[in-house]
Amino acid sequence: MTAELTVPSSCLSFPNCWGRAVTRALLFLTSLQAVCRCIPAAQAVDFLTAVLDSLLRVVPPRARAVWKWVFIFLVECRKEILQEVPKILNTLYTYMQQSTHRPFLLRAVFLLTHFHQEPVISSLLQKSLLMDGDTVELWRSLGRSILRIRILRCLVEKLNRAGNNRLGTDSSTCEWHNRQTALETVTITRAISEVVLALRSTEELRQLLPHLLPSLLRWASEMLGRERLLFLMGSWRQLFLECQMHVEKPCRIFLSAIQLVLGKCMAQKWMRLLMNQGVWARLEDPLAHPEGVCLLSR
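Residues numbered from 1 in each chain as written. Predicted model: local features only at pLDDT ≥ 70, side-chain atom pairs only at ≥ 80, totals over all residues. Heavy atoms only, no water.

(A) View of the confidence of the model for the protein. Per-residue confidence for the protein averages 78 on the pLDDT scale, and 74% of its residues sit at or above 70. Throughout residues 1-28 the model reports pLDDT below 50, and contacts reaching past four residues in sequence, or to other chains, amount to three contacts. (pLDDT = per-residue confidence, 0-100. Contact = heavy atoms within 4.5 Å.)

Below you can see the structure in the form of structure tokens.
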């Protein structure tokens, strides 16, 4: 017995009007796609800025039409705009700070990330060490999206590679490299924390634990190493003062991320056990750190 398609009576009453409405919608969509394909890559940012500027002048019911332009542009021109991704992301980020259309802007960033994950993540990591509310919201929105594990895996890979591109051996070059590595690892770790905080499911996160936890623990240990600690303390103080961050111990940034990750994946009774055994206090202590690592690894 075949199922019958039930058509609402309202559509049967006005078949011509309904058909014309569908036709107009399809023609409008086709026109948008055709126009977007004709935009030169060099003018992509100017086009996007002009479209977003129109949001400041249209009434809310017509804002959806504007956003259709943005979304179709990001999809249709995805290959042509590759070199312009950092500028496009910066444009969207700027409008987040002055626009009431935040859900649409977050959706636009999602589309841009879907097609250009690496340049988007790299551009977001170039933001200030002290994350503002908009940057935090971007990371968390990506953490709630279907791209969450892809993004988290990319961040973990970046954290694992941090500090591997050292050039030169003189003291000034090493100090500059250590400052850049410190800035890079802290920024990546903060991004990881925001993405993990927004995760709704922990099953996929558990699969990344063998890669994520050793990397976070490695950098916590790096900051506690005697030679590295003595060498970097001045750089860390200056770095954190520049970024208006008040952190007594740099390693706490990484240990807080470890606590957050484990808290997502483990039952509370096991987290209490770690606390009762003094694991976190030991991990912050340069002398007791190896013992803390052993307790955490059990």
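Back to the text.
(B) Up close: the side chain of Ser123. The residue Ser123 is located in helix α7 (residues 117-124) in this model. Polar side-chain contacts of Ser123 include one of 2.8 Å to the backbone oxygen of Pro119. Each residue touching Ser123, except ones within four places of it in the same chain, is listed here: Pro86 and Leu89. (Helix = DSSP H or I, 4+ residues; strand = E, 2+ residues; numbered from the N terminus. Polar contact = N/O pair within 3.5 Å; in protein donor to acceptor, adjacent residues only side chain to side chain.)

(C) Examining the pattern of salt bridges more closely. If you walk through the whole model with that rule in mind, you get eight salt bridges. Across the salt bridge formed by Arg148 and Glu204, the nearest N and O atoms sit 3.4 Å from each other. On the criterion of sequence distance, the pair formed by Arg148 in helix α9 (residues 148-161) and Glu204 in helix α11 (residues 203-224) is long-range, its members being 56 residues apart. Judged by its relative accessible area of 22%, Arg148 falls in the partly exposed class. Here Arg282 and Glu291 are joined by a salt bridge, their closest N and O atoms 3.1 Å apart. Since its relative accessible area comes to 41%, Glu291 is described here as partly exposed. Several salt bridges share partner residues, and in doing so they unite Arg102, Asp134 and Glu137 into one network. (Salt bridge = Lys/Arg side-chain N within 4 Å of Asp/Glu carboxyl O. Buried < 20%, exposed > 50% of the residue type's maximum accessible area, 1.4 Å probe, protein only.)

(D) Molecular detail of the packing of helix α3 (residues 44-54) against helix α4 (residues 60-76). Where α3 contacts α4, the two axes come as close as 9 Å, and the packing angle between them is 160 degrees. The orientation of α3 relative to α4 falls into the category roughly antiparallel. Both α3 and α4 take part in a crossing whose hand is left-handed. Here Ala44, Phe47, Leu48, Val51, Leu52 and Ser54 of α3 lie close against α4, whose contacting residues are Val66, Trp67, Trp69, Val70 and Phe73. Across the contact of α3 with α4, the residue classes break down as ten nonpolar, one polar and no charged. (Axes fitted to C-alpha atoms, helices over the stretch in contact; angles between N-to-C directions. Parallel < 35°, antiparallel > 145°, perpendicular 65-115°, else oblique. Left-handed = near helix turned anticlockwise from the far one by under 90°. Nonpolar A, V, L, I, M, F, W, Y, C, P; charged D, E, K, R; others polar.)

(E) Structural view of α9. Here α9 contains 14 residues, and its C-alpha end-to-end distance of 20 Å stays within 8% of the 20 Å for a straight helix at 1.5 Å per residue. Where α9 ends, the next residue or the one after it, Gly163, has phi of about 85 degrees, a positive value. (Expected span 1.5 Å × (residues − 1).)

(F) A look at the nonpolar core. If you look at the biggest cluster of nonpolar residues, it comprises 83 residues, and the most contacted ones within it are Trp139 and Leu155. In terms of residue count, α11 provides more of this core than any other element does, eleven residues in total. Once you skip the residues sitting within four places of it in the chain, Leu155 turns out to touch Ile121, Leu125, Trp139, Ile188, Ala191, Ile192 and Val195. (Core = buried A, V, L, I, M, F, W, Y, C linked by side-chain atoms within 4.5 Å.)

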